[in-house]
Amino acid sequence: MGRETLAVTSDFFFYGTMTHLPLIEIVLERVARAEPAYMQDHALYAAEGGLYPLIVQERGVQAVGLLVYGLSDAEKDRLDLYEGAFGYQAQQMPVVLPGRGPVSAMVYYPGPENWGQGPGAPWHLAEWQAQYGAEFEAALRDLMAMFGVKPPRQLAARFHQML
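Reading guide: rules and limits
Residues numbered from 1 in each chain as written. Predicted model: local features only at pLDDT ≥ 70, side-chain atom pairs only at ≥ 80, totals over all residues. Heavy atoms only, no water. Helix = DSSP H or I, 4+ residues; strand = E, 2+ residues; numbered from the N terminus. Buried < 20%, exposed > 50% of the residue type's maximum accessible area, 1.4 Å probe, protein only. Areas by Shrake-Rupley, 256 points an atom, 1.4 Å probe, with all protein chains shown as cover. Phe/Tyr/Trp six-rings, centres within 6.5 Å; stacked < 30°, edge-to-face > 60°. Polar contact = N/O pair within 3.5 Å; in protein donor to acceptor, adjacent residues only side chain to side chain. Contact = heavy atoms within 4.5 Å. Core = buried A, V, L, I, M, F, W, Y, C linked by side-chain atoms within 4.5 Å.

Let's shift gears to the overall build of the chain. A count of helices and strands for the chain gives four helices and five strands. Listing every helix and strand of the chain by position from the N terminus yields β-α-β-β-α-β-β-α-α. Out of the 163 residues belonging to the chain, those deemed buried represent 47%. When the accessible surface of the chain is summed, it comes to about 8,700 Å², and 54% of that surface belongs to carbon and sulfur atoms.

What follows is the structure, given as structure tokens:
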């Protein structure tokens, strides 16, 4: 009997800043088909300065987000540029669709360089949108214009300057 391999999905679960639909659409260059979803036993906390969220395992809570279906290889490359620039790496994880149950999706997790002094206060999208939403949209348009031109880490340094 052969070993079975799990096919990598083209569906992505987004949380935090990426639940602000304009950001998803800037990165993908299209309107995203998204629906509410969550990760069981995970929570969202603000990183230092509150500019972005950190997702952590935490029993008994749910990290709320959006599931976006059917990304192309080119869209995955664009996501890897954006998320990878900030040290996030995609992993395949179970995600729950309310009323329908678990599905498999790719989820970007923060790398060790994102933690600083650890997670801060709980993440709240509405607070982030009010404080940073418009600036992030403008900076992300500029960042994504550099897709394929500069390496992700150089873009991350420029992104903070753009903000």
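Glancing now at the environment of G111. Within the secondary structure, G111 sits in the loop between β5 (101-110) and α3 (125-144). For the pair G111 and Y88, spaced 23 residues apart in the sequence, the C-alpha separation amounts to 5.5 Å.

This part is about the packing of aromatic side chains. Taken as a whole and assessed by the stated rule, the structure comprises six aromatic pairs. With a centroid separation of 5.9 Å and an interplanar angle of 25°, the aromatic rings of F12 and Y108 are classed as stacked. With F12 in strand β1 (residues 12-15) and Y108 in strand β5, this pair connects stretches of sequence that are 96 residues apart. Exposure class is identical for F12 and Y108. Each is buried. Note on W128 and F136: the rings are 5.0 Å apart at their centroids and 75° apart in plane angle, and the pair reads as edge-to-face. An identical accessibility class is assigned to W128 and F136; each is buried. Each member of the aromatic cluster is reached from another via a ring pair, and the members are F12, F14 and Y108.

Within the secondary structure, D11 is located in the segment before β1. A polar contact of 2.8 Å, which involves the side chain of D11, links it to the backbone nitrogen of G70. Other than its neighbours up to four places away in sequence, D11 contacts L67, V68, Y69, G70, S104, A105 and M106.

Core analysis: the largest hydrophobic core is formed by 45 residues, its most contacted members being F13, M39, L79 and Y82. For this core, the secondary-structure elements that each account for two or more residues are β1, α1 (21-28), β2 (34-46), β3 (53-68), α2 (73-85), β4 (88-97), β5 and α3. Setting aside residues up to four positions removed in sequence, F13 forms contacts with A37, Y38, M39, A63, V64, G65, L66, L67, V95, A105, M106 and V107.

This part is about unusual backbone geometry. The backbone of E29 shows a phi angle near 65°, a positive value even though the residue is not glycine. As for its position among the elements, E29 is in the loop between α1 and β2. A positive phi angle, close to 60°, is found at D41, a residue other than glycine. The residue D41 is located in strand β2 in this model. On the basis of relative accessible area, D41 is assigned to the partly exposed category, the value being 23%.

Bear in mind that shape data such as this cannot, by itself, settle questions of function.
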